[in-house]
Amino acid sequence: MRRYIFPAFGLILALVSITTPLLAQQTAVYKQPVSDFRNATDLLAKEKYGAAMPIFERLAKATPEADKGMRSSSAFYTALCATRLFHDDARSRMLKFTEDFPESSHLNEANFELAKLQYNAKNYADAIIAFNHVDVYELSADDMAEFNFKLGYCYLKTDNLDKAKGCFSEVKNKENKYTIPATYYFAHIAYRQKNYETALKEFEKLKTDETFKSIVPYYIVQIYSYQGKYEELPAVAIPLLSNDKSKRSSELSRLVGDAYYRTGKYAEAIPYLEKYADPQKGNIPKVDAYELAFCYYKTARYEQAIKYFQTATMGQDSLAQSAFYHLADCFVRTNQKTFASNAFLSAYKINADKTISEDALFNYAKLSIELSYSPYNEAIKSLQKYLADYPASLRADEAYGYLTDLFLVTNNYKDAQISMEKIKNRNRDMSQAYQKISYYRGVELFNEKDMDGALEMLKKAAKENVDKSLTASALYWIAEVYYRQGKFDAAEAQYNKFLTSPGAIGLPLFITANYNLGYCYFKEKDYTKANLAFRKFIGDKKADVKLVGDANLRLGDGSFMHKEYSDAIDYYQHAVSLNAADADYALFQIAMSYGVSGDPAKKIATLQKLIKDYKRSPYQDDALYEMGVTYLVMNNEKAALLNFQQITRDYPKSIYVKRSILKTGLIYFNQNNNELALTTLQKVVSDYPGSPESKEALASIRSIYVEMNAVDDYVKYTRDVPFADVSQSEKDSLTYIAAENLYMNGNCDKATSAFNNYISKYKDGAFAINANFYRAECEYKAGHNDQALSGYNYVLQQPRSRFSESAALKAARISYAQFDYKMAVEHYIRLEEIAESPANTAEALIGEMRCNYKLESYGMSLQAAQKLLQTENQPSDIVAEAHLTAAKSALALKNNELAKREFEETVKASQSDAGAEAKYNLASLEYENGDYTLAEKSLFTLSKNYASSDYWVAKGFILLSDVYMKKGNTFQAKQTLQSIIDNYEGADLKTLARTKLAAINQSEPKPADNAQSGTE
């Protein structure tokens, strides 16, 4: 519907005075009825209808029927007076007259009056029927003008414009009292029928008419607008605005503003367009919003332009595309380049104007490069599509250049690598970019522990071989992958290939390559080559001091294995001086080297230093035991006894406890303290049945009883010791050894059956722990986790043995894999208590941390994470996980300050999913604290630095939409949610984005969609 800025027809019609011609006089009659008739007609002529009507009414009744002329005339004039007096029965009187006197000479007059009565009653359809019963040839010129005007008006009101126009045309060009209104209605109909030139010509005639001069200029303004006469329009419209306080002023303002806009007078247009927009509170048709925005844009008022360009972006037409394009430029000029990037992309996607689409795409690509920001690689995809659609374009080379740059700056190496695979004919620059992206993707997968994926990418990078230093780096990481996979031969070959490749010498990796190569040889027990590689490494002055310390440890180990104890001591001591992570281990090995070199005093002194300086060392019990053994060698039983007793007292779960008790018993035996010796040795037999220590203790018990001449007592004692029966013990031993041999030869299937046989025969046999453990190992290897877990649990229920640590580790892993976190955490706690290997201690803490978090025991999870972080030499991914778990646990415990610190540490430690999750949570905390600007900044960092973490980037974008809503930027909130809907593949977050977008769309006011405004 078009908008009217004109008054109603009734108002115009009311301005037209309507008169009726006097009735013809009757011939004078000198009789009394004739005299009355003459008096009545005189009164009628003088328009004294009230006085005339009773006379006519009496004459109509009293006149004899023979005098039909006077009788019919009197009846007609009675009805006519009723009509002029607006009596309610006027129409019925006139109708009765036509029925009673169908042959009367007044019949045509009566029909005309009836038509006018319907007209006055606004029964326009009925009036048309009545007018059509009038014989126009009997009408006077004045009556004919009235007839055509009123019939035309009836046609106009019943929307029969063509007939109305014809009627008004009959009136407007002749001088009569209907000429002016007929001209107006004729012009109005021409306007409605879009015959603007005709309408303008007729309206021009009325410009000075007192009745119409106030309304005609509004028509002329509208016609100028439709005819594109924008230069002439303001001169007519502006004077109207100065006096117009009605609703029409808003529309007039729009027309003036539109005229100035179309003639490039943007500054002049703004006040008028603002006046039009202001009452509407911004909710204006998008065409008008665009015009106001464009005027602001052309006058460098970019912030104001942004608001209205956003309104104009509704839809998918050329106007929306142009609005997006100029909106993007406004964002660029106000240094909101991320928003500009989104707007350029939207302009490109509409594609109504090919030129704008192409330019928008290139601008989007440029901004993506500048911002290093393309979480979904839309610029890459768009440029690739452009190159596919327009391979012969003059900008193809430029597109390839941008594409190369985009590949290099994006952190989303996964999608970038996939995209580049689709380019069949790569030039050198593109090949170099492909090599870099393959390399970085490989390293990324390596950090994510996807070794097979990393190997594939790194091999592609090495094969491309455009950048020699990058090729060398790829070879290095290929070697690292093989090492992590336990393929030490392959790793050795790759490290050596790296060391001799062009471009390797200048790389920082070159220094550590010999260190890693040394470990390959060390793992294969080739200590000669290992020592050679480690010596090359420590000979480089730029080598990392921590790695140098560790390399000295391995050099010491290699020399120790070669029985080069003096060299071993030197390397170990150098490691201690460098404060190596395992300095306590180095001291212990120095002590052992002194021991095997025949210098027990130095061994004792070194062990004492270890005990004193490293009170939390896992080698404390080892040191105490070795000191005790050494004191025995030195015949210092008193000192030895103190060491063995300290182990039993202070380290009750140590593997050395049973040995220490055995040694204590033997010392008592040597001191002829037989009673105390028997009590001590019998404790070994009862607490550690079937162990080598228990068998040695039993032999000593036998010797004591024999020496005491108490053989019967010995026999009586051994009745309760199953393995003391020699014949039974031999059978036990033979059955076990047969099973063990199968296991040691790698025949697990037969070994499992043999161990089952042994366990069924000798449930509490001397080798029950061994048999249950080895059988569990076979079951674990075969993937029979439930059976394996049963065997490991048996081992853990027995006194600590050499199998306990491994059993706890495997039991924990199985329980965790079966999602039995409650049982797993118990096994991990047991592992932490008994672990002698630092690696197993770390795994125990990792397990405790993970299980407790999954069990929602956040305090225990936090404690385990903090203990884990205090251990040294943990891989970066484990450090990141520990910080992240600590942060999430603290968050669950509502300790936001600690959570924030730990999330920040996670970000420092990780460039993968852990870092992305931490950055998201930091942004979430900032959002909850109402710091929306900082949250926005954090979320941009998330999308830029962790682009390959699709889930967290998408989740971050959803939070970013919330930030925009809080900042009142509904447009960007919707754009952000739409980017998730268009690009993210996960159904969960895509559904959430759709829900949020629908809620925003439902809540915001809808601008008018019509692209045309004005009056019809």
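Residues numbered from 1 in each chain as written. Predicted model: local features only at pLDDT ≥ 70, side-chain atom pairs only at ≥ 80, totals over all residues. Heavy atoms only, no water.

Draft legend 1. How the structure looks around the overall build of the chain. Within the chain, the regular secondary structure consists of 54 helices and zero strands. Since a compact globule built from 1016 residues should have a radius of gyration of about 31 Å, the 53 Å found for the chain marks it as more spread out than a globular shape. Considered along the principal axes of its C-alpha atoms, the chain spans approximately 185 × 65 × 50 Å. The proportion of buried residues among the 1016 residues of the chain is 53%. Pairs at least 24 residues apart make up 53% of the contacts formed inside the chain by residues separated by at least 6 positions. Entry remark: accessible area of the chain is about 48200 Å², with carbon and sulfur atoms responsible for 50%. (Helix = DSSP H or I, 4+ residues; strand = E, 2+ residues; numbered from the N terminus. Rg over C-alpha atoms; globule rule 2.2 N^0.38 Å. Buried < 20%, exposed > 50% of the residue type's maximum accessible area, 1.4 Å probe, protein only. Contact = heavy atoms within 4.5 Å. Areas by Shrake-Rupley, 256 points an atom, 1.4 Å probe, with all protein chains shown as cover.)

Draft legend 2. Molecular detail of a negative patch on the surface. On the surface, E448, D450, D452 and D913 cluster together into a patch of negative charge. Looking at the secondary structure, you find D452 in helix α25 (residues 451-464). (Patch = residues over 30% accessible without salt bridge, like charges linked within 9 Å, V, L, I, M, F, W, Y side chains within 5 Å. Salt bridge = Lys/Arg side-chain N within 4 Å of Asp/Glu carboxyl O. Lys, Arg positive; Asp, Glu negative; His and termini not counted. Charge placed at Lys NZ, Arg CZ, Asp CG, Glu CD.)

Draft legend 3. The side chain of S559, seen in detail. Relative to the assigned elements, S559 resides in helix α30 (residues 545-561). Not counting chain neighbours up to four residues away, the residues in contact with S559 comprise N531, E564, D567, A568 and Y571.

Draft legend 4. Structural view of the nonpolar core. Core analysis: the biggest nonpolar cluster contains 171 residues, and F131, F168, F203, F309 and F407 have the highest contact counts within it. A591, Y656, Y668 and Y688 belong to the second-largest nonpolar core, a separate cluster that totals 53 residues. (Core = buried A, V, L, I, M, F, W, Y, C linked by side-chain atoms within 4.5 Å.)

Draft legend 5. Just the confidence of the model for the chain, in detail. Mean pLDDT for the chain: 87, with 93% of residues reaching 70 or above. Ranking the helices and strands of the chain by mean pLDDT puts helix α18 (residues 318-333) first, with 95, and helix α1 (residues 9-14) last, with 40. Throughout residues 1-30 the model reports pLDDT below 50, and contacts reaching past four residues in sequence, or to other chains, amount to 83 contacts. The model gives residues 1010-1016 a pLDDT under 50, and that stretch makes 30 contacts with residues more than four places away or in other chains. (pLDDT = per-residue confidence, 0-100.)

Draft legend 6. View of the packing of aromatic side chains. A full pass over the atoms with the stated rule returns 80 aromatic pairs. Note on F324 and F971: the rings are 5.9 Å apart at their centroids and 40 degrees apart in plane angle, and the pair reads as tilted. Here F324 is found in helix α18, whereas its partner F971 is found in helix α53 (residues 970-983), with 647 residues between them in sequence. Judged on exposure class, the residue F324 and its partner F971 are both buried. A cation sits over an aromatic face here: R248 above Y218, 4.1 Å from the ring centre. (Phe/Tyr/Trp six-rings, centres within 6.5 Å; stacked < 30°, edge-to-face > 60°. Lys NZ or Arg CZ within 6 Å of the ring centre and 35° of its normal.)

Draft legend 7. How the structure looks around helix α39 (residues 711-718). When α39 is considered as a whole, its buried residues turn out to be Y714, Y717 and T718. Down the axis, α39 shows its buried residues gathered within 90 degrees of arc, on one side only. Opposite the buried face of α39, at more than 90 degrees from it, the exposed residues are D712 and K716. Tucked inside the fold, the buried residues of α39 contact α37 (674-687) and α38 (692-707). (Arc of directions from axis to C-beta.)

Draft legend 8. Spotlight on the pattern of salt bridges. Counted according to the given criterion, the structure contains 45 salt bridges. With a shortest N-O distance of 3.0 Å, R254 and E251 are connected by a salt bridge. Taken together, the residues R254 and E251, both in helix α14 (residues 248-262) and three residues apart, mark about one turn of the helix. In this structure, a network of salt bridges that share partners links the residues R84, E113, K116, E146 and K150.

Draft legend 9. Molecular detail of the state of the cysteines. The full count for this structure, using the stated rule, is one disulfide. Between the sulfur of C748 and that of C778 lies a disulfide, 2.2 Å long from S to S. Because the torsion about its S-S bond is -75 degrees, the bridge between C748 and C778 counts as left-handed. With C748 in helix α41 (residues 748-761) and C778 in helix α42 (residues 768-781), the pair connects residues that are 30 residues apart, well separated along the chain. Given a relative accessible area of 15%, C748 falls into the buried group. Left without a disulfide partner, C330 is nearest to the cysteine sulfur of C295, which lies 12 Å away. (Disulfide = S-S within 2.5 Å.)

Draft legend 10. Structural detail: the packing of helix α35 (residues 637-650) against helix α36 (residues 657-670). Between α35 and α36, whose axes approach to 9 Å, the crossing angle comes to 145 degrees. For the element pair α35 and α36, the recorded crossing hand is left-handed. Counting all contacts with α35, which are made through E637, A640, L641, F644, Q645, I647 and T648, the residues of α36 involved are V657, S660, I661, K663, T664, I667, Y668 and N670. Among the residues forming the contact of α35 with α36, the class breakdown is eight nonpolar, five polar and two charged. (Axes fitted to C-alpha atoms, helices over the stretch in contact; angles between N-to-C directions. Left-handed = near helix turned anticlockwise from the far one by under 90°. Nonpolar A, V, L, I, M, F, W, Y, C, P; charged D, E, K, R; others polar.)

Draft legend 11. A look at helix α23 (residues 413-421). Among the residues making up α23, those that are buried are Y413, D415, A416, Q417, S419 and M420. Residues of α23 that are buried sit in contact with α21 (378-389), α22 (396-409), α24 (428-447) and α25.

Draft legend 12. Up close: the environment of N173. Structurally, N173 is set in the loop between α9 (161-172) and α10 (179-192). In this structure the side chain of N173 is engaged in a polar contact, spanning 3.0 Å, whose partner is the side chain of K172. (Polar contact = N/O pair within 3.5 Å; in protein donor to acceptor, adjacent residues only side chain to side chain.)

Draft legend 13. How the structure looks around unusual backbone geometry. Within the chain, K525 stands out as a residue other than glycine whose phi angle is a positive 65 degrees. For E856, which is not glycine, the phi torsion reads 65 degrees and is therefore positive. Tracing the sequence through the fold places E856 in the loop between α46 (838-854) and α47 (858-870).

Draft legend 14. Quick look at the environment of Y402. The residue Y402 is located in helix α22 in this model. The class of Y402 is buried, set by a relative accessible area of 14%. Sequence-wise, Y402 and A365 are 37 residues apart; in three dimensions their C-alpha atoms are separated by 6.7 Å. When residues no more than four places from it in sequence are discounted, the contact partners of Y402 are F362, A365, K366, I369 and L383.

Draft legend 15. Up close: the packing of α9 against α10. Axis separation between α9 and α10 bottoms out at 8 Å; the angle between their running directions is 145 degrees. In this structure, the crossing between α9 and α10 has a hand that is left-handed. Packed against α9, whose contacting residues are L161, A164, K165, F168, S169, V171 and K172, the element α10 presents T179, A182, T183, Y185, F186, I189 and R192 at the interface. When its residues are assigned to classes, the contact of α9 with α10 shows eight nonpolar, three polar and three charged.

Draft legend 16. Up close: a nonpolar patch on the surface. Together, V706, V711 and V715 make up an exposed nonpolar region whose accessible area comes to about 220 Å². Mapped onto the fold, V715 is located in helix α39. Since its relative accessible area comes to 38%, V715 is described here as partly exposed.

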